[in-house]
Each structure stands twice: as C-alpha cells, then as structure tokens.
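# Descriptive analysis of the structure
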Amino acid sequence: MKKSDWYLIFIFSQVVIFTVIMIWLYRATGGVPDTLIISVFGFLGGECGVMGWIRATKEKALQRKWDEEDRKVIENGKNFE
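Below: a short report on this structure. Residue numbers here run from 1 along each chain, matching the order of that chain's written sequence. Where totals are concerned, whole chains, interfaces and linings use all residues; where local detail is concerned, this predicted model gives features only for residues with pLDDT of at least 70, and gives and counts side-chain atom pairs only at 80 or more. With hydrogens and water stripped out, all remaining heavy atoms of the structure feed into the side-chain values.

## Quick word on the overall build of the protein chain
Selection rule: Note on conventions: DSSP H or I runs of at least 4 residues are helices, E runs of at least 2 residues are strands, and numbering of each starts at the N terminus. Partly exposed residues are those whose accessible area sits between 20% and 50% of the maximum for their type, while under 20% is buried and over 50% is exposed, using a 1.4 Å probe and protein chains only. Reported accessibility uses the Shrake-Rupley method at a 1.4 Å probe radius. Residues are deemed covered only where the shown protein chains occlude them.
For the protein chain, the count of helices and strands is two helices and zero strands. Burial status across the protein chain gives 6% buried among its 81 residues. By element, 66% of the accessible surface of the protein chain is carried by carbon and sulfur atoms, the whole surface being about 7,000 Å².

This is how it looks when you write it as structure tokens:
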C-alpha cells in the first residue's frame, strides 16, 4: 500500500473516533462545540482533497510520459519499415 493509502486510513479512523466522541459529548451535555466540528471536518476534507489533487497530477504526468514513450516507439518503428 502507498503512503497516502495509510494516511487515508488514518484520517478515516480519526473521523470515526471524533464522531463517536462528539455523539457521546452531545448525549452527556446536550450540546457540542459547533466551531470545532466545522473546523475538524473542513481541515480533514481539505487534506483529502489536496491528496486527491496530488495523486491525479502524478497520474497525469505518468500518462504523458508513457504517451511520449509510445510515440517514440511508433516513430522508430516507421523508420525501420
């Protein structure tokens, strides 16, 4: 597994733990810190979005590299015909 996959597993587990704690806090006190909840989910959502953007950019660069290699092979093949 890639490092980013482990990071996503960690983020997911933290979201689950945070959610369970917030549910417990609500049941115990009748209220929750709304600003904290918004901040945590906003931050974690942003982190996941940035990781997705990085992965997509890497995949795009790799695909361009493969396309360029294929183009060179095709051009060299035509020269030998």
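What follows picks up the thread again.
## A few points about the layout of surface pockets
The following threshold applies: Definitions used throughout: a 1 Å grid over protein atoms alone; a cavity as a set of points that fits a 1.4 Å probe which cannot get out; a pocket as an open set with protein on both sides within 12 Å along at least five of seven lines; a lining residue as one with an atom within 4 Å of a point. Grid points are joined across faces, edges and corners, and a volume is the space filled by probe spheres set on the points. Charged residues are taken to be Asp, Glu, Lys and Arg, nonpolar residues to be Ala, Val, Leu, Ile, Met, Phe, Trp, Tyr, Cys and Pro, and polar residues to be all remaining types, Gly included.
Roughly 230 Å³ of internal volume is contained in the largest pocket. Of all elements in the fold, only helix H1 (3–29) and helix H2 (34–80) reach the threshold of two or more residues within the lining of the largest pocket. For the lining of the largest pocket, the leading source of residues is H2, giving seven residues. Looking at the lining of the largest pocket, its residues break down into four nonpolar, two polar and five charged.

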